[in-house]
Amino acid sequence: MATQTSSSELAGKVAIVTGAASGIGRATAELFHARGASVIAEDRNPQVEDLARDGIVPLIADVTREDAAREAVALAVDRFGRLDILVNNAGIIMNKLVVDTTLEEWNAILAVNATGAFLHAREAMRAMTPQGSGAIVNVGSYACFQAFPTIAAYAASKGALAQLTRTLALEAIGHGIRVNAVGSGDVVTNILDGVHTDGAAFLAKHGENAPIRRAAQPEELAEVIAFLASDRASYMVGAVVMADGGMSVALP
Ligand SMILES: NC(=O)c1ccc[n+]([C@@H]2O[C@H](COP(=O)([O-])OP(=O)(O)OC[C@H]3O[C@@H](n4cnc5c(N)ncnc54)[C@H](O)[C@@H]3O)[C@@H](O)[C@H]2O)c1
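Everything numeric here is computed off the predicted structure, so don't read it as measured data.

J.: Could you give an account of the environment of Thr129, with specific residues and numbers?
T.: Tracing the chain through its elements places Thr129 in the loop between helix H3 (103–128) and strand S5 (134–141). In this structure Thr129 comes out as partly exposed when scored by C-beta crowding, with 15 C-beta atoms within 10 Å. Sequence-wise, Thr129 and Ala172 are 43 residues apart; in three dimensions their C-alpha atoms are separated by 8.1 Å.

J.: Mind laying out the nonpolar core, listing which residues take part and the relevant values?
T.: As a rule of thumb, soluble globular proteins bury nonpolar side chains together. By size, the foremost hydrophobic cluster in this structure holds 78 residues, and its most contacted members are Ala15, Ile16, Ala41, Val87 and Ile225. By residue number, the principal contributor to this core is helix H4 (residues 152–172), which donates 10 residues. With residues up to four places along the chain from it excluded, the contact list for Ala41 reads Val17, Ala20, Ala29, Val48, Leu51, Ile56, Val57, Pro58 and Leu59.

J.: Kindly report on unusual backbone geometry, identifying the contributing residues and their values.
T.: Even without being glycine, Thr150 reaches a positive phi, approximately 90°. Here Thr150 lies in the loop between S5 and H4. One non-glycine residue, Arg213, adopts positive backbone phi at about 65°. Relative to the helices and strands, Arg213 is located in the loop between helix H5 (199–206) and helix H6 (218–229). For Arg213, a count of 10 C-beta atoms within 10 Å gives the class exposed.

J.: Provide a residue-level description of the pairing of strand S1 (residues 14–18), including the pertinent values.
T.: Across the five residues of S1, five count as buried, placing the element largely inside the fold. Burial along S1 is two-sided: Val14, Ile16 and Thr18 facing one way and Ala15 and Val17 facing the other are all buried. Bridge count for S1 against strand S2 (residues 38–43) is five bridges, and the pairing is parallel. Looking at S2, one finds that Ile16 is bridged to Ile40. The handedness of the S1 to S2 crossover, carried by helix H1 (residues 23–34), is right-handed. For S1 and strand S4 (residues 85–88), the ladder comprises three bridges, and the chain directions are parallel. The residue of S4 that forms the bridge with Ala15 is Ile85.

J.: Before we move on, could you go through the packing of H3 against H4 and cite the residues and values that matter?
T.: The interhelical angle for the contact between H3 and H4, taken along N-to-C directions, is 15°, at an axis separation of 8 Å. Regarding the angle of H3 to H4, the classification is roughly parallel. Between H3 and H4 lies a crossing whose hand is right-handed. Of H4, the residues touching H3 (which contributes Glu105, Trp106, Ile109, Leu110, Asn113, Ala114, Ala117, Phe118, Ala121 and Met125) are Ala153, Tyr154, Ala156, Ser157, Lys158, Ala160, Leu161, Leu164, Leu168 and Ala172. Residues that form the contact of H3 with H4 fall into these classes: 16 nonpolar, two polar and two charged.

J.: Tell me about the site of the ligand, and please be specific about residues and values.
T.: Around the ligand, the surrounding shell holds 27 residues, and the nearest of these are Gly19, Gly23, Gly91, Thr189 and Ile191. Those elements that place two or more of their residues in the shell around the ligand are H1 and S5. For the shell around the ligand, the leading source of residues is H1, giving three residues. Grouping the constituent residues of the shell around the ligand by class yields 10 nonpolar, 13 polar and four charged.

J.: Please give an account of the sheet that holds S2 that cites residues and values.
T.: Pairing is parallel in the open sheet, where seven strands are placed in the order S3-S2-S1-S4-S5-S6-S7. Looking at the sheet topology across the chains shown, the edges are occupied by strand S3 (56–60) and strand S7 (240–243). Neighbour to neighbour, the strand axes of the sheet diverge by 20° on average, direction disregarded. Along the sheet face, H1 touches S1, S2, S3, S4 and S5 and points at about 165° away from the line of S1. Along the sheet face, H6 touches S1, S4, S5, strand S6 (177–184) and S7 and points at about 165° away from the line of S6.

J.: So, H1: which residues are in play, and what are the values?
T.: Along its 12 residues, H1 runs 17 Å from first to last C-alpha, staying within 8% of the 16 Å computed at 1.5 Å per residue. Within H1, 11 of the 12 residues are buried, which leaves it mostly tucked inside the rest of the structure. Along H1, the residues that are buried comprise Gly23, Ile24, Gly25, Arg26, Ala27, Thr28, Ala29, Glu30, Leu31, Phe32 and His33. Buried residues in H1 make contact with S1, S2, S3, S4, S5 and H6. Positioned one or two residues after H1, Gly36 has a phi angle of 105°, which is positive.

Cut-offs used in this document
- Residues numbered from 1 in each chain as written.
- Predicted model: local features only at pLDDT ≥ 70, side-chain atom pairs only at ≥ 80, totals over all residues.
- Helix = DSSP H or I, 4+ residues; strand = E, 2+ residues; numbered from the N terminus.
- Buried ≥ 20, exposed ≤ 12 C-beta atoms within 10 Å, placed from the backbone.
- Core = buried A, V, L, I, M, F, W, Y, C linked by C-beta atoms within 7 Å.
- Contact = placed C-beta atoms within 7 Å.
- Pairing = 2+ DSSP bridges.
- Right-handed = clockwise from strand over helix to strand, strands pointing away.
- Axes fitted to C-alpha atoms, helices over the stretch in contact; angles between N-to-C directions.
- Parallel < 35°, antiparallel > 145°, perpendicular 65-115°, else oblique.
- Left-handed = near helix turned anticlockwise from the far one by under 90°.
- Nonpolar A, V, L, I, M, F, W, Y, C, P; charged D, E, K, R; others polar.
- Near = placed C-beta within 6 Å.
- Expected span 1.5 Å × (residues − 1).

Right under this line is the structure:
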């Protein structure tokens, strides 16, 4: 098989990237576009419209809604004729002890991080199955496997995402569709802005605990996502690939 790592690696592919207004999702949408893909960039934040250009169509939508998943897939097919790649990246976090967590807070985290991915994967599968090809990449976390106090809802959602990845991978591979996930470590993004006064600075500092001694930039995760979405990852099925600077393999 010819190996392509050129700027045209994703040429002709059509992708949906959720959570594309910021951080890892934004970097992924831009990298996919730079490598030749057409992209539906979905986010509930209207700032996603900044990405609009030839080959990137923004969609302001809440991933927890069933109609948003349908609309994203319909938009891909309507504007670009098909759907090859789905990146389930939209995510939120909260730091609270279980005893202090309300039902609404628990449900909100699960709804975005797990249910949103399920809804989008289901609609994507329906479009990809008749083609007999496709790739779905879920953006997981160290919290697919590990935990610390105050992240029960987030860890439960990312554990669910890992198991959705594995189960769907088994259901999808017979249709030529590969499903994988990337388990991210600390990445300098806005995800902690509602939790810390300077969320990005906190993540940059916290990343220094990893063996690599720094947090990642969003572009470094986008590279792993692009690989898993590309034909170069042709033998990867149901994997949760850690891209965490060694955090998950080190003893404390
Ligand atoms: N930054 C990290 O350290 C880190 C670590 C592990 C995993 N992750 C995962 O990476 C993914 C991306 O996070 P990020 O760090 O780039 O954060 P971010 O906050 O910069 O970006 C997340 C995006 O998702 C969007 N979003 C949130 N809820 C949504 C909804 N209901 N509908 C549509 N869009 C929604 C936000 O508006 C935002 O643009 C998440 O799944 C997160 O759990 C991040």
